[in-house]
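These are the residues of each chain, in order.
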Amino acid sequence: MDVIRLLAIRDTALSADEVLAAVADHAAGGTALFIGTVREQDQGRPVTRLAYSAHPSAEAELRRVAEKVAADHPVTALAAVHRTGDLALGEIAVIVAVAAPHRAEAFTAARQLIDDLKREVPIWKNQQFTDGSAEWVGACQDA
């Protein structure tokens, strides 16, 4: 069975339960889960909402990133989903999970997965601020 269990870029709400179920594996001794949510401030500026957009190649790039993580670490399963569209404060923007034989491996692989996703997958966000201004930011900008 492929260790890459779930990869998606969606315009609908994301589910941590779905992602955890995707990486469930009896060979894993540890599972690391990261959930990124829309926060109320960015660099001291109050945010009202975000809108994420993805390039048509984003899912292929997400697969490339996931394959590299799977090749670099002894993982038993991994999953990553990213949201597009309009998101309100507190909504989930991204979820990654990695299952591995040991917790250290799961943590390390999950960290690489989210960091590489943010740095390499062409997803951008439009931040809207309470003063009415907005700015486009590459997804890799908000760690």
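This report concerns the structure included in the present document. Since we're looking at a predicted model, the values are computed, not measured.

## Some words on the sheet that holds strand β1 (residues 4-10)
For step 1, the next point in the chain: What the 4 strands build is an open sheet, ordered β1-β5-β7-β2; its pairing is mixed. Only two strands of the sheet have a single neighbouring strand rather than two, namely β1 and β2 (30-37). Each adjacent strand pair in this sheet contributes to an overall mean axis angle of 5 degrees, direction not counted.
For step 2, the next point in the chain: In this structure, strand β5 (residues 77-83) lies alongside strand β7 (residues 92-100), joined through 6 bridges in antiparallel fashion. When the sheet's bridge partners are listed, Ala 79 is paired in β7 with Ala 97.
For step 3, the next point in the chain: Helix-sheet contacts for helix α2 (residues 58-72) involve β1 and β5, and the interaxial angle to β1 is about 150 degrees.

## A few points about the pattern of salt bridges
Think of it this way: side chains of opposite charge can pair up when their charged atoms draw near.
For step 1, the next point in the chain: Evaluation of the coordinates by the stated rule reveals 12 salt bridges.
For step 2, the next point in the chain: With a shortest N-O distance of 2.7 Å, Glu 18 and Arg 10 are connected by a salt bridge.
For step 3, the next point in the chain: A relative accessible area of 31% means that Glu 18 is categorised as partly exposed.
For step 4, the next point in the chain: In the salt-bridge network here, residues are joined through shared partners; they are Glu 61, Arg 64, Asp 116, Arg 119 and Glu 120.

Scoring rules and cut-offs
- Residues numbered from 1 in each chain as written.
- Predicted model: local features only at pLDDT ≥ 70, side-chain atom pairs only at ≥ 80, totals over all residues.
- Heavy atoms only, no water.
- Pairing = 2+ DSSP bridges.
- Helix = DSSP H or I, 4+ residues; strand = E, 2+ residues; numbered from the N terminus.
- Axes fitted to C-alpha atoms, helices over the stretch in contact; angles between N-to-C directions.
- Contact = heavy atoms within 4.5 Å.
- Salt bridge = Lys/Arg side-chain N within 4 Å of Asp/Glu carboxyl O.
- Buried < 20%, exposed > 50% of the residue type's maximum accessible area, 1.4 Å probe, protein only.

Limitation: the analysis is restricted to geometry and does not speak to function.
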